[in-house]
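An overview of the molecular structure
Okay, here's what each chain looks like letter by letter:
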Amino acid sequence: MPFTLYQLLWYFFIYAFLGWCLEVVFCTVNSGQWVNRGFLNGPVCPIYGTGMCIVLLVLEPLAGNTLLLFLGSMVLTSALELATGFVLKKAFHTSWWDYSDQPFNIGGYICLKFSLAWGLGGMAAVRLLHPPIARLVDRLPHTAGWVLLGVFGAVLAADLAATLVTLAGLERDLRELEKLGAALRRGSDAVSKELGDAALAADEKLAESRQALPGRIADLEARRDLLRAAITDRRLFGARCLLRAFPGMHNLRHSEVLEALKAELEEKLRR
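The text that follows walks through the structure, step by step, so that each part is easy to find.

Quick notes on the rules
- Residues numbered from 1 in each chain as written.
- Predicted model: local features only at pLDDT ≥ 70, side-chain atom pairs only at ≥ 80, totals over all residues.
- Heavy atoms only, no water.
- Helix = DSSP H or I, 4+ residues; strand = E, 2+ residues; numbered from the N terminus.
- Buried < 20%, exposed > 50% of the residue type's maximum accessible area, 1.4 Å probe, protein only.
- Contact = heavy atoms within 4.5 Å.
- Areas by Shrake-Rupley, 256 points an atom, 1.4 Å probe, with all protein chains shown as cover.
- Patch = residues over 30% accessible without salt bridge, like charges linked within 9 Å, V, L, I, M, F, W, Y side chains within 5 Å.
- Salt bridge = Lys/Arg side-chain N within 4 Å of Asp/Glu carboxyl O.
- Polar contact = N/O pair within 3.5 Å; in protein donor to acceptor, adjacent residues only side chain to side chain.
- Phe/Tyr/Trp six-rings, centres within 6.5 Å; stacked < 30°, edge-to-face > 60°.
- Disulfide = S-S within 2.5 Å.
- Core = buried A, V, L, I, M, F, W, Y, C linked by side-chain atoms within 4.5 Å.

Here we take up the overall build of the chain. The helix and strand inventory of the chain stands at eight helices and four strands. Counting from the amino terminus, helix and strand elements in the chain follow one another as α-α-α-β-β-β-α-α-α-α-β-α. Counting every position in the chain, which comprises 271 residues, the buried fraction comes to 39%. Relative to all contacts within the chain whose residues are 6 or more apart in sequence, the contacts with residues 24 or more apart total 70%. Carbon and sulfur atoms make up 66% of the accessible area of the chain, which amounts to about 15,200 Å² in all.

Printed below as a string of C-alpha cells:
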C-alpha cells in the first residue's frame, strides 16, 4: 500500500471535515441561511473522507497524468456516491438527495454535472491540496496522532449511533403521523356520513351532528399537531438537523407526511 493505516485514518478525518466545510458553504450560498450539512451531527461528511482515500489509493501514482486523474476521480467518486445513495435508500427507505431533475442522471443518485465537478475536485485535491496535508500528517508526533485518532473515532462512533437512533425515532414518528392522518380521514368520513343521514332524517338531528363534529376529531388533530411540532421543534435537534440538511429528502413509505413536516419546518424558519 502507498499509505499506512495511520496516514489513511488521518486523511479520512481531514477530508471528511473539509468536505463538510465545502457542503456548508455551498448550501449556505444556495439557500441564504446556514445549514449544518451532513448525515451526522458533527462537522464531518464521511463520504468525502472515504472518497478521497479511495482516490488517493488508486490514483496517486497517476498524479502526473491530468486526463487519467480527472477521469479516474470522476468515475470513482461517482461510483461511491451511487453506491452510498442506493445503500441509504435501502437501509432507511429514504432518498437523501435526488438529481432526477438534472440531465444525464442515473436513478437520481448521480448526474453528469456533479460527476464532472467531483472529477475536477478530485484532481485539484490530489495535485494541490494533498501535498501540504500529507506533510502536516507526517510531522505530527506519532503517539499523539494515534491518541487523537482514537478520540476522533470514538466521537464519530457516538455521533453515528445518535444519528441512527434519531432516524429510527423519525421513522416511528412519521408512521404515527400517517396513522393519525388515516384515523382523521376515517373519522371525517364517518361524521360526514352521519351528517348526510341526519340531513335526510331531520333538521334538528343535523344540528346535533354538526355540534358533535369538532369534539370527535379534535383529539386526533391535537395529537397530530403536537407530534409535528415536536419533530420540528428545537428540542428534537437531530431530526430537525436532518430535515434541514437534506431538503430534498424523500421517504418511500411516508412521503406525504414527510413533505408536510418539511413545509412546516420551512415556515418556522421564515418566522
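You can see Ser 73 is positioned in helix H3 (residues 66-92). Overall, Ser 73 belongs to the buried group, its relative accessible area being 0%. If sequence neighbours within four positions are ignored, Ser 73 has contacts with Val 55, Leu 59, Trp 118, Gly 119, Gly 122 and Met 123.

A separate point is a nonpolar patch on the surface. Together, Val 147, Leu 148, Val 151, Phe 152 and Val 155 line one region of the surface with nonpolar side chains, adding up to about 410 Å² of accessible area. Within the element layout of this structure, Val 151 appears in helix H5 (residues 142-201). Residue classification places Val 151 among the partly exposed residues on the basis of a relative accessible area of 44%.

Turning our attention to the side chain of Gln 7. As for its position among the elements, Gln 7 is in helix H1 (residues 5-31). Here Gln 7 falls in the buried class, since its relative accessible area comes to 15%. Here the side chain of Gln 7 touches Asp 138 through a polar contact of 3.2 Å, side chain to side chain. Apart from residues lying up to four places away in sequence, Gln 7 is in contact with Pro 2, Val 137 and Asp 138.

Counting across every chain of the model gives 10 aromatic pairs. Where Phe 86 meets Tyr 109, the ring centres are 6.4 Å apart and the plane angle is 75 degrees; that geometry is what we call edge-to-face. Taken together, the residues span a long stretch of sequence, with Phe 86 in helix H3 and Tyr 109 in the loop between strand E2 (105-106) and strand E3 (110-111) at a distance of 23 residues. By relative accessible area, which is 13% here, Tyr 109 ends up buried.

Turning our eyes to something else, we now look at the state of the cysteines. Enumeration according to the criterion identifies zero disulfides in this entry. With no disulfide of its own, Cys 21 has Cys 45 as its nearest cysteine by sulfur position, at a separation of 9.1 Å.

We now examine the nonpolar core. The biggest cluster of nonpolar side chains holds 24 residues, and the ones touching the most others in it are Tyr 11, Leu 56 and Val 137. Of all the elements in the fold, those that place two or more residues in this core are H1, helix H2 (46-59), H3 and helix H4 (112-139). With eight residues, H1 is the largest single contributor of residues to this core. Leu 56 has contacts with Phe 3, Tyr 11, Tyr 15, Pro 61, Val 126 and His 130, leaving out every residue within four places of it along the chain.

The backbone of Phe 104 sits at a positive phi, close to 55 degrees, despite the residue not being glycine. Among the structural elements, Phe 104 can be located in the loop between strand E1 (94-95) and E2.

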